Amino acid sequence: MKRVFLDYNATCPPLAEAIEAFARTAREAGGNPSSLHWSGRAARKTLEDAREALAAFVGADPGEIVLTSGATEANNLAIAGVLAEAPRGEIVISAIEHPSVREAAKAWAARFGHRVVEVPPERNGRISAERFCAAVSSSTRLACLMWANNETGVIQPVEEVVSALAARGIPVLVDGVQALGKIPVDVHALGADFVSFSAHKIGGVKGVGALFVRRGMRLAPLLAGGGQERGRRSGTENPPGAAAFAAALGRVDFAACASLRAHLEARLKAAFGEDVMIFGEDAPRLANTTMFGIRGMDGETLLMQMDLAGFAVSAGSACASGKHEPSHVLAAMRAPRAYAHGAIRVSLGPGVRSEDLDAFVDALEKARERLKLMAGWG
Ligand SMILES: Cc1ncc(COP(=O)(O)O)c(C=O)c1O
């Protein structure tokens, strides 16, 4: 059976260049970057080269990049680091943030005595910049809006929000994980205070990420220890992981997936007609992402059927206490339940061909017929 990977927003499997850079660094620069001798200096150089490459790629200065264990840590660092020292107030987030922002906001706000204010999206999955900024008050300590949503691919109005809030002196965290490598990213042009990134979404290795911290921003560290990363992130750094991140930068052209995605969506509509809904279809979206729902189906059951047929995709519902609930993103979009329940996310990347997508739609049709029959027997 042929296996087709259609889950690039979950992760982009490590690229050959990244694996090579990781192995080379581990072999040739295996020292501790904090050591003063030749071995440490070689590791330090690799680390700083990687930091410079990342900074150049995202339009930052190297000194503004804090390397972390991934975007989950980067988001937690920004949120905890700001809330810890701020007078009691609130953190404003969009209702469609990734759990590494949403859950972190709830946890750190509770810990430091702040409130969380959630702003829902419009029905097409896009946050209204006006509504978002209206939810921000003079007691807002941090506002969080993702650059692009990982489930629907909908691109958010971060430029408008950042410029409006900067004028009011409100710090903003932008989760840039799904934007990196998929749309142009320039953090200085954006003007955000904090932007998080993850290496494994662009073909680096897992467990590596970064937080851009605009020069001059105050930020309490999350981890206490040896004071690495200019005191912002203690712990021995990961030169091989950083080198792999740098090697992956700009290697995958996700924008080139636009015509493949159009092909897939046309095929889905031809096959399922009124029974398919594409979430966020009329909003600006990442070119590689489509999230759709098949009426009357269950997303996780469909996912398993597709897995058996060799296709790796994600479902937009999660099994909570035996009941399959639509994802928090689709729920916040007020997506019709009959469709949201059967939501599947396809995210494209290198190596996917249009024949694979034809085979995917054929397999999906077969799965639906099979499941309908089974339901009839039940
Ligand atoms: C939008 C978004 N933010 C944050 C993360 C977390 O990144 P990491 O896996 O590096 O912790 C992900 C990936 O799961 C994501 O898609």
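Residues numbered from 1 in each chain as written. Predicted model: local features only at pLDDT ≥ 70, side-chain atom pairs only at ≥ 80, totals over all residues. Heavy atoms only, no water.

**Re the overall build of the protein**
Summing up its helical and strand segments, the protein has 13 helices and 15 strands in all. A compact globule built from 378 residues would reach a C-alpha radius of gyration of about 21 Å, and the protein, at 21 Å, matches this within 12%. Principal axes of the C-alpha set define a box for the protein whose edges measure 70 × 50 × 35 Å. Accessible area for the protein stands at about 15500 Å²; split by element, carbon and sulfur atoms hold 54% of it. Positive and negative side-chain charges of the protein, numbering 42 and 41 respectively, have mean locations separated by a distance of 3 Å. (Helix = DSSP H or I, 4+ residues; strand = E, 2+ residues; numbered from the N terminus. Rg over C-alpha atoms; globule rule 2.2 N^0.38 Å. Areas by Shrake-Rupley, 256 points an atom, 1.4 Å probe, with all protein chains shown as cover. Lys, Arg positive; Asp, Glu negative; His and termini not counted. Charge placed at Lys NZ, Arg CZ, Asp CG, Glu CD.)

**Description of the packing of aromatic side chains**
Using the criterion set out here, one finds four aromatic pairs in the structure. Measuring from ring centre to ring centre gives 5.0 Å for Phe5 and Tyr8, while their planes differ by 85°; the resulting arrangement is edge-to-face. For the ring pair Trp108 and Phe112, a centre distance of 5.9 Å and an interplane angle of 15° mean the geometry is stacked. Here Trp108 and its partner Phe112 are both found in helix 4 (residues 99–112), four residues apart, which amounts to about one turn of the helix. Of the residues examined, Trp108 reaches a relative accessible area of 22% and is grouped as partly exposed. Ring pairs connect the aromatic residues Phe5, Tyr8 and Phe254, which therefore count as one cluster. In this arrangement the basic side chain of Lys182 is found over the ring face of Phe254, its NZ or CZ atom lying 5.0 Å from the centre. (Phe/Tyr/Trp six-rings, centres within 6.5 Å; stacked < 30°, edge-to-face > 60°. Buried < 20%, exposed > 50% of the residue type's maximum accessible area, 1.4 Å probe, protein only. Lys NZ or Arg CZ within 6 Å of the ring centre and 35° of its normal.)

**Topic: the environment of Ile202**
With respect to the element layout, Ile202 can be found in the loop between strand 7 (194–198) and strand 8 (209–213). The buried category is assigned to Ile202, whose relative accessible area is 4%. Between the C-alpha atom of Ile202 and that of Gly181, which follows or precedes it by 21 residues, the distance is 6.5 Å. Contacts of Ile202, omitting those with residues within four sequence positions, involve Cys12, Leu15, Leu180, Phe245, Ala248, Leu249 and Val252. (Contact = heavy atoms within 4.5 Å.)

**Some details on the sheet that holds strand 5 (residues 140–144)**
Taken in spatial order, the seven strands of this open sheet run 2-8-7-6-5-3-4, and their pairing is mixed. Since the sheet does not close on itself, it has two edges, and those belong to strand 2 (65–68) and strand 4 (115–119), each with one partner. Going from strand to strand, the sheet's axes swing by 20° on average, the running direction of each strand aside. As defined by bridge partners, strand 3 (residues 90–94) adjoins strand 5 across four bridges and the pair is classed as parallel. In the strand pairing of strand 5, Val92 is matched with Ala143. Along the sheet, helix 4 contacts strand 3, strand 4, strand 5 and strand 6 (172–175); its crossing angle with strand 3, the most-contacted strand, is approximately 165°. (Pairing = 2+ DSSP bridges. Axes fitted to C-alpha atoms, helices over the stretch in contact; angles between N-to-C directions.)

**Remarks on the packing of helix 3 (residues 71–83) against helix 4**
Interhelical geometry of helix 3 versus helix 4 gives an angle of 30° and a closest axis separation of 9 Å. Between helix 3 and helix 4, the angle is such that the two are roughly parallel. For the crossing formed where helix 3 meets helix 4, the hand is right-handed. Contacts from Thr72, Asn75, Asn76, Ile79, Ala80 and Leu83 of helix 3 reach helix 4 at Ser100, Val101, Ala104, Ala105, Trp108, Ala109 and Phe112. Residues of the contact of helix 3 with helix 4, tallied by class, amount to nine nonpolar, four polar and no charged. (Parallel < 35°, antiparallel > 145°, perpendicular 65-115°, else oblique. Left-handed = near helix turned anticlockwise from the far one by under 90°. Nonpolar A, V, L, I, M, F, W, Y, C, P; charged D, E, K, R; others polar.)

**Some points on the packing of helix 1 (residues 16–28) against helix 8 (residues 239–248)**
Packing of helix 1 against helix 8 brings their axes to within 8 Å, and their N-to-C directions diverge by 150°. Judged on the interaxial angle alone, helix 8 and helix 1 are roughly antiparallel. Once helix 1 is placed against helix 8, the crossing between them reads as right-handed. Of the residues in helix 8, those in contact with Glu17, Ala18, Ala21, Phe22, Thr25 and Ala26 of helix 1 are Pro239, Pro240, Gly241, Ala243, Ala244 and Ala247.

**Considering unusual backbone geometry**
The backbone phi angle of Glu229 is positive, close to 50°, even though this residue is not glycine. Note that Glu229 resides in the loop between strand 8 and helix 8. Positive phi outside glycine occurs at Arg230, with the angle close to 55°. Mapped onto the elements, Arg230 comes out in the loop between strand 8 and helix 8. A residue is classified by how much of its surface remains accessible, and Arg230, at 69% relative accessible area, is exposed.

**Concerning the domain arrangement of the protein**
Domain annotation for the protein reports domain 1 (16–248) and domain 2 (253–377). When each unit is reduced to the centre of its C-alpha atoms, the spacing between domain 1 and domain 2 is 29 Å. Counting residues at the interface gives 24 residues for domain 1, matched by 19 residues for domain 2. At the boundary of domain 1 with domain 2, total buried surface from both sides reaches about 1900 Å², with 61% on carbon and sulfur atoms. (Domains from an automatic or database assignment. Buried area = accessible area lost by both parts, 1.4 Å probe.)

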